[in-house]
Amino acid sequence: MSAGAGLPAKSLAAVMHAYAQPLTVQEVPLPTELEPGAALVKINCTTLCGTDAHLWDGRLSGFLDVAMPMIHGHEMVGEVVAIHPFETRDAVGREIGVGDRIVWSEAVCGHCYACTVLGESVMCERRGMGFMQRADVSPYVIGGLSEYVYVAPGAQRLVVADEVADTWAAAAGCAVKTMLRGFRNGGGVPTGGTVVIQGAGPLGLFGTAYARAGGAGTVITVGGPEPRLEVARAWGADVTVSVDEIPDPDARIAEVLRLTNGLGADLVLDFAGAPSANREGVMMAARKGAYVIVGIAGPHADPLPMPAVMGKELRVCGSMNGDIGDLAASLEFLRRHRERFDWDLMFEPAVGLSGATDAIAAMAELTAIKPVIRPGLG
Ligand SMILES: [Zn+2]
Ligand SMILES: [Zn+2]
């Protein structure tokens, strides 16, 4: 398909040119043609992820470097403007037409060792991460802080059910699917058992609801600040442990042991990504328990206390992002439990692209839980 078929030629986008500097709202080109398997989407909304903020403020520089100029945003939902006729179905076989609302995965190659032998596309060697896509090189616009986004071939797509709000669908694209995969890798919610959630950011809060809905006995959410812990309690945490009120990690470990009659938690998930979180999480886990590491602590994380891992026969595993199955399950989890949990508690009022810098800075400073950008607001 070419521009002659009516594709827009340009898109307004908020572009990152330097670490921790204001994003520039500017026009960027769009591909003049769709490749087979590609689509062009007009963005309804993009929600920001902690990783966007950490990549913007430079704290991951040297560990994860950004290809600039670059457009942030990997949690987004939009309406199809054009789709190449080579493949017009979504990942579960539904037909996608112009005007349909879709979400999509990072592009995966389908041919590498991870995609084929392992069958684990999250580890695809050619996975199309948005922060590695320069905004001045075709296809220009992969990130969601843009009016239009190019859905590359290999990005697996899903039509979104009407009951799922734009903001929820966008958040499914990273926060919810990453949380959900963490539970899957950890063996699922232990029915009637104790779950400790480390972190009260978006993953920790969605994880709190998931543990509650999944049949946990006691759910303990460790994090802060207080407004986030309020959401955690509304979404099913029996107890919250405030890192502001109890700043000493050893005191928090003692508190979790006290709350669990000295036993610890059957499942502990690190959704915090703080350098001290992993030692703390291992010490909070029960004998024969599981510990799942989801947060990115960067290169200076405290070492795991191996004697405790051995002595408790802990299962320790990592979990990275999510695949299209995790995304599909996330959409259904949000849809199915929309009456039980007020998902809208998560989201900040929507702003346009001109508000994106303040939104990403607020995310970095933890003053916003989940900023919402609607490019159509200008
Ligand atoms: Zn691959
Ligand atoms: Zn993310």
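All residue numbers here refer to positions counted from 1 along the written sequence of the relevant chain. Here every chain gets a letter starting at A, and every ligand a number starting at 1, in the order they are written. Since the coordinates come from a predicted model, pLDDT governs what is reported: local features require at least 70, and pairs of side-chain atoms require 80 or more to be given and counted, while whole-chain, interface and lining totals use all residues. Side-chain numbers come from the whole structure's heavy atoms, not from hydrogens or water.

Caption draft 1: How the structure looks around the coordination of the zinc ion (ligand 2). Taken together, Cys49 (SG), His74 (NE2) and Cys174 (SG) make up the protein donors of the zinc ion (ligand 2), found 2.0 to 2.2 Å from the metal. Water is not part of the atom set, so a site may look incomplete; the donors themselves are N, O and S atoms within 2.8 Å of the metal, or 3.2 Å for Na, K and Ca. Read N to C, the donor residues that coordinate the zinc ion (ligand 2) are spaced as C-x24-H-x99-C. Pair noted here: Cys49 is in the loop between β3 (39–47) and α1 (50–57) and His74 is in the loop between α1 and β4 (75–83), with a separation of 25 residues, a long-range link. Each residue's exposure class comes from its accessible area (1.4 Å probe, protein chains only) as a fraction of the maximum for that residue type: buried when under 20%, exposed when over 50%, partly exposed otherwise. Judged by its relative accessible area of 5%, Cys49 falls in the buried class. Assessed through its relative accessible area of 22%, His74 is described here as partly exposed. Numbered from the N terminus, helices here are DSSP runs of H or I no shorter than four residues, and strands are runs of E no shorter than two.

Caption draft 2: Summary view of the UniProt feature "domain: Alcohol dehydrogenase-like C-terminal" (unreviewed entry) in the chain. UniProt positions are given in the numbering used here, feature names are shortened, and annotations may be inferred rather than shown by experiment. Listed under "domain: Alcohol dehydrogenase-like C-terminal" (unreviewed entry) in the UniProt record, and renumbered for this structure, are residues 202–334. The annotated region residues 202–334 carries 43% helix and 22% strand content, and the separation between its end C-alpha atoms amounts to 13 Å.

Caption draft 3: Spotlight on the coordination of the zinc ion (ligand 1). At 2.3 to 2.4 Å from the zinc ion (ligand 1) lie its protein donor atoms, namely Cys109 (SG), Cys112 (SG), Cys115 (SG) and Cys124 (SG). Around the zinc ion (ligand 1) sit 4 donor atoms, and with donor-metal-donor angles ranging over 103 to 118° the site reads as tetrahedral. As a motif over one chain, the donors of the zinc ion (ligand 1) read C-x2-C-x2-C-x8-C. This pair shows no difference in class: Cys112 is buried, exactly as Cys115 is. Site shape is set this way: if four donors have all angles between 85 and 135 degrees, tetrahedral; if opposite donors are over 155 degrees apart and all others between 65 and 115, square planar for four donors and octahedral for six; otherwise irregular.

Caption draft 4: Summary view of the sheet that holds strand β10 (residues 239–242). When DSSP finds two or more bridges between a pair of strands, those strands are recorded as paired. Pairing is parallel in the open sheet, where 6 strands are placed in the order β10-β9-β8-β11-β12-β13. At either end of the open sheet lies a strand with only one pairing partner, and these are β10 and β13 (315–318). On average, adjacent strands in this sheet sit at an angle of 15° to one another, irrespective of strand direction. As judged from the 4 bridges shared by strand β8 (residues 194–198) and strand β11 (residues 265–270), these two strands associate in the parallel manner. Residue pairing for β11: Val196 is matched across the bridge by Val268. Contacts from helix α5 (residues 226–234) reach β9 (218–223) and β10, with the element oriented near 165° to β10. Residue contacts follow a heavy-atom distance rule, with two residues in contact if any of their heavy atoms lie within 4.5 Å. To get an axis, fit a line to the C-alpha atoms, keeping to the stretch in contact for a helix; angles then go from 0 to 180 degrees between the N-to-C directions. In the packing of helix α7 (residues 277–284) onto the sheet, the strands contacted are β8, β9, β11 and β12 (285–293), and the crossing angle to β12 comes to about 150°.

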